[in-house]
Each structure stands twice: as C-alpha cells, then as structure tokens.
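# Fold and geometry: a report
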Amino acid sequence: MTTARAARRAALEDATQRRRLVVVGSGIAGLYAALLAADAEGGAAADVVLLSKGQLEHSNTFYAQGGVSAVLEPGEAAPGDTVDAHVADTLAAGAGLNNPDAVRILCAEAVRDIAGLRRYGVIFDADAQGDTALGLEAAHSAPRILHAGGDATGARIARGLIAAVLERAVSGRLRLETGAFVTELTTADGRVTGVNYLQNGELKSLPAAGVLLATGGAGRIFARTSNPSVATADGLALAWRAGAAVDDLEFFQFHPTTMAMPETAGGPPPLLVSEAVRGEGAVLLDAEGHRFMPDYHPDAELAPRDVVSRSIALHLARTGAPADSPVFLDARGIEAAKGPGFLARRFPTISAATAAAGFDWTAEPLPVSPAAHYWMGGVVTDVDGRTTVPGLYAAGEVACTGAQGANRLASNSLLEGLVFGRRAVESFLDGEPSHDSTAPRAVSAAGGLPLTHASAALSRDFAGGGAPAEAPEGVVRTATDPGPFSRDALGRLMTGAAGVLRTGAELDAAAAQLDYWAGSVRSTESGDPREYEDRNLLLAARLLVEAARNRTVSVGAHYRADTDHAPAPTHSMQRISS
C-alpha cells in the first residue's frame with residue numbers, strides 16, 4: 001500500500017512537472033505572464049511558480065512614470081493615429097536595427113494587452129470628457145501614451161497585477177515565492193529543466209518544463225541609474241551560463257533627465273523626471289540659462305532619448321563644464337501656460353518628490369543629469385519568447401526580441417513586457433517546436449542572422465588591442481586606477497568608459513580592468529545573494545564592453561566619439577565565458 005501511494009505521488013509530481021512554468025521576476029512581464037499562464041482556460045493552465053528575489057514591488061516597472069504606448073481602437077485612438085505610424089516611430093528611434101516583424105507585432109497587438117491590463121483591474125487616466133487620456137512623448141508622432149495616476153503609471157500597473165497574483169496565490173492557482181534568488185538554470189541534454197534558487201540562506205531546486213526569465217535590466221553596472229537596486233543583470237547572466245545567445249548589448253539607453261541628487265543607500269533610485277514633462281513643454285537650460293537643445297537637433301527636447309543624453313554630454317564638454325555637471329529642466333512655462341496647479345495634478349509623484357528634495361519646480365528649474373535607464377540588448381528570443389536553449393523563455397528588458405533596435409522609443413518598454421510576455425506563455429502552453437539539442441541554433445529575432453554557441457574561454461589576452469583613439473575636440477578624459485573590485489568601482493569604470501560617450505581606447509582599458517577583476521570574482525557557493533549579484537554584474541559589464549569595442553561606428557544609443565558617426569546597421573553577437 002505504501003509503495004502504491006508513493007508511486008501515485010511520484011506520478012502526480014511528474015505530471016505537474018511536465019506542465020510547470022517557473023517565472024523569474026516580478027515586473028510587468030513576469031506578473032502578467034504568470035497570471036495568463038495560471039488563468040488559461042480549457043484545462044490548459046500551467047502549474048505556475050513565480051519567483052521574485054525581493055518583494056513583488058521591487059522592479060523597474062514600479063518606478064516607470066511615462067506610461068504605456070498603444071494605438072487604441074478607432075474612436076479611442078488620437079485622430080489620425082495608426083499602428084503604421086507607431087511602427088514607423090519605433091523603427092526611426094531604433095535607427096534601422098529593429099526586427100520589423102517584432103515591431104509590427106509590438107504595435108499591432110498593443111490594444112489586446114491594454115485590454116488585458118484592464119481585465120486585471122488597471123484603470124487608465126481619463127480626460128475631461130471621460131475618454132482615455134493620451135499623452136505625447138519624445139519621438140512619437142501622435143499622442144498615444146496611456147497613464148495611470150498621472151506619473152505613477154508603473155506603480156499603478158504593478159499594484160493591479162500584484163493584487164491579482166496574490167489572489168491566485170491564496171486560492172492555490174499559482175505558487176508565489178519571494179526572497180527567492182535564482183542562482184542557476186539546471187539543464188539536461190541541452191535543455192533547461194528547472195532552477196536552483198537561494199531562499200533564507202538555503203539552496204533549493206525546482207524542476208520545470210519551462211523557465212521564463214523576466215528579470216529586467218542591469219542599470220546597476222553604472223554609477224548613476226534610474227533602476228532600483230535589484231537591477232543586477234541576473235537573468236542575462238543565468239541565460240548566458242546556460243548557453244543562450246545574446247545580442248545588441250552595446251545599446252544601453254541613458255535617460256536624459258534624472259534628478260542630480262545623491263542616492264541614499266538602501267533608498268529608491270534617483271528620481272526620473274518623465275519624458276512626458278518635456279512632452280508638455282519643459283525645456284533644458286545650461287548653467288548660463290541658455291536653451292541648448294535646438295543647437296543639437298531639430299526636435300530639440302523632443303528628440304529621442306539617446307540624442308538628448310548625448311547632446312547634454314557634448315554641450316558640457318564644449319562649454320568646458322565638468323562631465324558630471326547637471327543641466328536644468330525648466331517646467332515653469334508649463335505652469336504659466338496651463339494654470340496654477342497643473343504640474344501637481346499632471347505629475348503628482350514628481351511634484352511630491354521634488355518638494356521633498358527642497359525644490360519648487362513651478363518656480364525654479366530642476367538640476368538633472370543622464371542616467372543608465374534601459375538595455376535594448378539582451379537574451380535573444382524569437383517573437384514567441386523562445387531563446388536558443390529549449391525550455392528557456394525570456395520577456396521584457398532581459399530579452400532581445402529586436403523590437404527596440406539600437407534605441408528604445410519612449411514608453412515602449414512596458415508594452416514589450418506585456419506583448420512578448422503573453423506570447424511566451426502562449427508558446428509554452430502550445431508546446432515548443434523540435435530543437436536540435438546537440439547544437440542549439442536559432443534565427444535571431446533581432447537581425448535574422450544565425451546564432452551558434454562558441455566554446456572559446458575568455459582569457460586575459462582577450463582584452464588586447466587596437467591603437468589608442470583620439471577623443472573628440474573639447475572632450476577631455478583622464479584614466480585612473482579603479483583599484484580592487486567593488487560595485488562603486490565598477491560603476492565608475494563603466495560610466496567613464498561605456499557611458500553616453502565612448503572611445504576605443506577607454507573601452508580597451510575597461511576590458512582589461514574587467515578581465516583583471518574577473519580573476520578575483522569567482523564562482524561562489526555563498527548563501528549571500530550579493531555575491532552572486534557581483535558576479536552577474538561583472539559578466540554583464542564584460543559583455544557590454546566587448547560589444548561596444550566590436551562596433552566601431554556610432555548608431556542609436558551607442559556613440560563612439562572617436563570614429564566616423566555614419567551608422568552601420570549590423571548586429572553584434574558574441575560569446576564570452578562566464
């Protein structure tokens with residue numbers, strides 16, 4: 001009897017494992033995907049386990065202000081706006097390095113996932129007539145940005161999805177584990193078979209039929225970032241070590257307007273002053289009060305983010321100001337034009353945060369600086385979320401679908417997490433096509449180019465090369481020894497060498513320093529997640545720097561200040577040992 005009961009229990013566990021989907025990450029892609037997988041109808045629901053390394057609110061999504069871009073149904077969309085126009089804007093921002101199929105899917109299916117958010121209780125802002133309010137942001141040709149709670153869109157969406165997740169966890173429709181840091185993807189015969197994770201100092205294993213990485217970005221490799229402390233490249237590192245291909249890692253977007261204030265240890269990231277503020281009419285001034293953006297781009301403050309961030313850096317250099325000097329965002333004209341109280345109503349989060357920092361932005365400009373914000377590159381997937389390793393999916397910022405190209409269009413990031421998170425779940429539930437597990441190979445969604453895995457290890461000699469390149473006129477650089485590895489040292493190195501402005505000489509020097517550090521930060525069996533995060537950050541930095549070294553011309557968010565700036569629309573694909 002005992003043997004029979006054990007056999008039944010083993011059979012039940014095996015059946016559960018065959019339909020188990022482990023979702024790693026609790027931003028918009030992870031929460032939405034977990035809900036859709038758990039709610040699938042007709043007996044198709046997966047056995048969903050959602051793992052979050054912190055609390056559910058600890059994500060980039062929670063801090064997103066700008067909104068979600070979408071062309072809504074006729075009658076609800078802005079007059080004259082079309083999906084084709086959204087596609088064209090996304091391709092233009094991406095500098096021709098987008099995957100057109102992924103862009104078309106992103107823009108055409110947006111309305112479907114806006115409806116999905118509404119079903120999960122997210123309420124978008126309405127205008128005076130009761131219609132969905134639509135905002136205009138930089139590089140969009142029409143108002144198509146949906147907001148919730150003014151500039152608290154990410155928090156409102158996250159809270160709505162978290163409430164739905166908690167409801168299903170309580171009812172047993174999905175399993176939720178917080179404080180669960182994934183240390184490794186388990187594999188067998190070339191396929192991902194589950195995860196190992198650290199929780200309360202104990203290492204645990206969880207077998208699964210599929211793993212969906214939705215771990216967000218890696219802003220913490222830079223000294224200044226809009227990302228919270230959890231953005232430590234964990235998903236990218238996990239996928240890389242499991243053999244997955246990555247692409248476009250040189251393309252890291254810097255948001256041009258974050259408050260130039262010191263970050264408090266353990267506190268939130270620097271306040272991001274949303275693109276929508278410039279959409280409403282705010283302008284950028286230098287220390288002399290000169291509005292400088294019209295000198296750099298015909299769209300001035302509404303140019304794409306990479307252009308605005310780069311223009312700030314170039315303007316500081318050309319006026320002789322230190323590279324870390326702030327510029328000033330002047331929103332006083334908005335208040336004057338739209339009446340007292342408009343800024344507080346339209347941007348309540350920013351208004352409260354600036355007031356807490358001692359600024360009255362209705363009466364004075366705000367000091368702002370560019371900060372690392374969003375990684376366009378990532379783990380290569382097809383348009384259904386499948387990576388080059390069977391059983392492994394990715395969605396959101398950790399993934400590279402090709403939808404973003406060389407530079408992301410404002411407010412397309414939350415949308416990408418929704419659309420491709422859903423498509424990854426649909427792919428898992430439908431079952432994967434067959435793979436050749438002996439030599440993983442896929443077509444890159446980012447470029448239509450074959451990707452294969454190389455096995456060459458990264459050595460100290462890897463960082464070699466190339467003659468030192470000259471910095472542009474007015475840009476003065478100094479090299480300093482960053483000393484032993486620390487997160488602060490890594491941030492300083494990456495900001496100086498791989499930030500808004502890059503040169504071959506600085507990238508070469510950074511690669512050598514990262515190689516040196518890699519020799520001291522080895523694999524760990526520690527029970528401290530921070531040691532795993534350190535290793536992940538260092539790997540991500542090495543991958544980014546090597547991609548930036550390989551692309552010797554400027555395109556999108558990658559600006560080589562020492563070379564011809566003509567674009568070169570090709571993709572960078574590389575393998576580096578962990």
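Presented here is an overview of the structure given in this document. (Residues numbered from 1 in each chain as written. Predicted model: local features only at pLDDT ≥ 70, side-chain atom pairs only at ≥ 80, totals over all residues. Heavy atoms only, no water.)

The subject of this paragraph is the overall build of the chain. A tally of helices and strands in the chain yields 17 helices and 19 strands. Put simply, the chain has 578 residues, and 58% of those count as buried. Sequence-distant contacts, at least 24 apart, represent 73% of the contacts inside the chain between residues at least 6 apart. Here the chain has roughly 22,300 Å² of accessible surface; of this, 52% comes from carbon and sulfur atoms. (Helix = DSSP H or I, 4+ residues; strand = E, 2+ residues; numbered from the N terminus. Buried < 20%, exposed > 50% of the residue type's maximum accessible area, 1.4 Å probe, protein only. Contact = heavy atoms within 4.5 Å. Areas by Shrake-Rupley, 256 points an atom, 1.4 Å probe, with all protein chains shown as cover.)

This brings us to the sheet that holds strand S5 (residues 175-178). Ordered by their spatial adjacency, five strands build an open sheet running S5-S2-S1-S9-S16, and the pairing between neighbours is parallel. The sheet is open, and its two edges are formed by S5 and strand S16 (392-394), each paired on a single side. Strand-to-strand, the axes of this sheet are offset by a mean angle of 20°, without reference to chain direction. Here three bridges tie strand S9 (residues 210-213) to S16, and the two strands are oriented parallel to one another. Looking across to S16, one finds that valine 211 is bridged to leucine 392. (Pairing = 2+ DSSP bridges. Axes fitted to C-alpha atoms, helices over the stretch in contact; angles between N-to-C directions.)

A word on the side chain of glutamate 275. Looking at where glutamate 275 falls in the secondary structure, it is placed in helix H9 (residues 275-280). Of the residues examined, glutamate 275 reaches a relative accessible area of 1% and is grouped as buried. Setting aside residues up to four positions removed in sequence, glutamate 275 forms contacts with Glu137, Ala138, His255, Arg305 and Ala410.

One way to put it is that helix H2 (residues 28-39) packs onto helix H7 (residues 153-170) with a least axis distance of 10 Å and a crossing angle of 35°. Crossing of H2 against H7: the hand is left-handed. Where H2 approaches H7, its residues Ile28, Leu31, Tyr32, Leu35 and Asp39 are matched on the opposing element by Ile157, Ala158, Leu161, Ile162, Ala164, Val165 and Arg168. Here the contact of H2 with H7 is composed, by residue class, of 10 nonpolar, no polar and two charged. (Left-handed = near helix turned anticlockwise from the far one by under 90°. Nonpolar A, V, L, I, M, F, W, Y, C, P; charged D, E, K, R; others polar.)

Moving on to the environment of alanine 88. With respect to the element layout, alanine 88 can be found in helix H4 (residues 83-93). In this structure alanine 88 comes out as partly exposed when scored by relative accessible area, which is 42%. Along the primary structure alanine 88 and proline 100 are separated by 12 residues, whereas in three dimensions their C-alpha atoms are 9.7 Å apart.

To continue, consider the side chain of glutamate 137. Its place among the elements puts glutamate 137 in the loop between helix H6 (110-119) and strand S4 (145-146). Buried glutamate 137, no salt bridge; nearest opposite-charge side chain is arginine 305, N-O distance 4.9 Å. Residues in contact with glutamate 137, not counting those within four places in the same chain, are Gly66, Gly67, Ile145, His147, Ser274, Glu275, Ala276, Ala410 and Ser411. (Lys, Arg positive; Asp, Glu negative; His and termini not counted. Salt bridge = Lys/Arg side-chain N within 4 Å of Asp/Glu carboxyl O.)

Note on sheets: strands pair through backbone hydrogen bonds, and any given pair is parallel or antiparallel. Sheet architecture is open: three strands sit in the order S6-S7-S8, paired in antiparallel fashion. Edge positions in the sheet fall to strand S6 (180-188) and strand S8 (202-207), since each of these pairs with one other strand and no more. On average, each strand axis in the sheet is inclined to that of its neighbour by 25°, with strand direction left out of account. Relative to strand S7 (residues 191-199), S6 runs antiparallel, the two sharing eight bridges. Its bridge partner being in S7, alanine 180 is matched across the sheet by glutamine 199.

This brings us to the pairing of S7. Within S7, seven of the nine residues are buried, which leaves the element mostly enclosed by the surrounding structure. Adjacent in sequence and paired antiparallel, S6 and S7 are bridged by two residues, among which aspartate 189 carries a positive phi angle near 55°. Where S7 meets S8, six bridges bridge the pair, whose relative direction is antiparallel. Note that in S8 the partner of leucine 198 across the bridge is leucine 203.

Across soluble globular proteins, you tend to see nonpolar side chains buried next to one another. Counting residues in each nonpolar core, the largest one holds 66 residues, and the members touching the most others are Val22, Val195, Val211, Leu213, Leu392, Met494 and Leu514. When residues of this core are assigned to their parent elements, the largest contribution, 10 residues, is made by helix H17 (residues 529-550). Ignoring any residue separated from it by four or fewer positions in sequence, one finds methionine 494 in contact with Ile221, Phe222, Gly499, Leu514, Ala541, Leu544 and Val545. Listed in part, the 56 residues of the second largest apolar core include Ala34, Leu35, Ala110 and Leu146. (Core = buried A, V, L, I, M, F, W, Y, C linked by side-chain atoms within 4.5 Å.)

In the structure shown here, the tally under the stated rule is 11 aromatic pairs. Here phenylalanine 292 and tyrosine 296 contribute two aromatic rings whose centre-to-centre distance is 6.4 Å and whose plane-to-plane angle is 85°, an arrangement assigned as edge-to-face. For the pair phenylalanine 485 and tryptophan 517, a centre-to-centre distance of 5.6 Å together with 80° between the ring planes defines the contact as edge-to-face. Note that phenylalanine 485 is positioned in the loop between strand S19 (450-452) and helix H15 (487-498) and tryptophan 517 in helix H16 (residues 504-518), a separation of 32 residues in sequence. For the pair shown, phenylalanine 485 and tryptophan 517 are each scored as buried. Among the aromatic side chains, those forming a connected cluster through ring pairs are Phe222, Phe252, Phe254 and Trp375. (Phe/Tyr/Trp six-rings, centres within 6.5 Å; stacked < 30°, edge-to-face > 60°.)

On to H15. Side chains of residues three or four places apart in an α-helix project in the same direction, reflecting 3.6 residues per turn. Between the first and last C-alpha of H15 there are 15 Å, a value that for 12 residues agrees with the 16 Å anticipated at 1.5 Å per step. For H15, every residue scored as buried is listed here: Arg487, Ala489, Leu490, Gly491, Leu493, Met494, Ala497 and Ala498. (Expected span 1.5 Å × (residues − 1).)

Unlike most non-glycine residues, alanine 95 shows phi in positive territory, near 60°. Note that alanine 95 resides in the loop between H4 and helix H5 (100-108). Despite not being glycine, aspartate 189 shows a phi value in the positive range, around 55°. Considering the arrangement of structural elements, one finds aspartate 189 in the loop between S6 and S7.

What follows deals with the packing of H16 against H17. Contact geometry for H16 and H17: axes closest at 10 Å, N-to-C directions at 155°. Comparing the axis directions of H16 and H17 gives the class roughly antiparallel. Here H16 runs over H17; the crossing is left-handed. Mapping the contact onto sequence places Leu507, Asp508, Ala510, Ala511, Leu514, Asp515, Trp517 and Ala518 in H16 and Leu538, Ala541, Arg542, Val545, Ala548 and Arg549 in H17. Classifying every residue of the contact of H16 with H17 by side-chain character gives 10 nonpolar, no polar and four charged. (Parallel < 35°, antiparallel > 145°, perpendicular 65-115°, else oblique.)

Note that side chains of opposite charge can pair when their charged atoms are close. The full count for this structure, using the stated rule, is 34 salt bridges. Between arginine 549 and aspartate 508 there is a salt bridge whose closest N-O contact spans 2.8 Å. Of the two residues, arginine 549 is situated in helix H17 and aspartate 508 in helix H16; the sequence distance between them amounts to 41 residues. Considered together, arginine 549 and aspartate 508 belong to a single accessibility category, that of buried residues. If you follow the salt bridges from partner to partner, you end up with Glu109, Arg112, Asp113, Asp382, Asp384, Arg386, Arg422, Arg423 and Glu426 in one network.

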